[in-house]
Amino acid sequence: MSAGGIPSRLSTELYRERTAASPAPIVLNRKRCACNRVVTAKQLAQYGKCDSCVRAAAVGTKEAA
Ligand SMILES: [Zn+2]
C-alpha cells in the first residue's frame, strides 16, 4: 500500500547522469578581486568579484532600494 514512495536509488542515478553530462569543470585558477582577495576564476566569471564583495554589493543594493 505504498502509493508515492520514491526510491532514493533513482535520485542517485539521476545525479550521476547529470554529472556525467555536464561539461568539463572550469579550471580553478586563482585570481584576485578588486579588494585584493584571492578568488577562483569560476567565481570571477560568475560574479565578477569575490564572495564577500558579492554579498556587500547585494546588501548595498537592498539598502539602496
Ligand atoms: Zn572582493
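Residues numbered from 1 in each chain as written. Predicted model: local features only at pLDDT ≥ 70, side-chain atom pairs only at ≥ 80, totals over all residues.

Side note on the overall build of the chain
- Each helix and strand counted, the chain has three helices and two strands in total.
- When the helices and strands of the chain are listed from N to C terminus, the series reads α-β-β-α-α.
- Here the chain holds 65 residues, and 3% of them are scored as buried. (Helix = DSSP H or I, 4+ residues; strand = E, 2+ residues; numbered from the N terminus. Buried ≥ 20, exposed ≤ 12 C-beta atoms within 10 Å, placed from the backbone.)

Overview of the environment of Val38
- Of note, Val38 is situated in strand 2 (residues 38-40).
- According to the C-beta neighbour criterion, Val38 is exposed, with 9 such atoms within 10 Å.
- Taking the C-alpha atoms as reference points, Val38 and Lys49, 11 residues apart in sequence, are found 9.8 Å from one another.
- Once you skip the residues sitting within four places of it in the chain, Val38 turns out to touch Arg30 and Arg32. (Contact = placed C-beta atoms within 7 Å.)

Comments concerning the confidence of the model for the chain
- Across the chain, pLDDT averages 78, with 71% of residues at or above 70.
- Here helix 1 (residues 8-21) stands out as the least confident element of the chain, with mean pLDDT 77; strand 2 is the most confident, with 89. (pLDDT = per-residue confidence, 0-100.)

Regarding the environment of Gly48
- Among the secondary structure elements, Gly48 is positioned in the loop between helix 2 (41-47) and helix 3 (51-64).
- Take Gly48: there are 13 C-beta atoms within 10 Å of it, and that puts it in the partly exposed class.
- Separated by 15 residues in sequence, Gly48 and Cys33 have C-alpha atoms that sit 8.0 Å apart.

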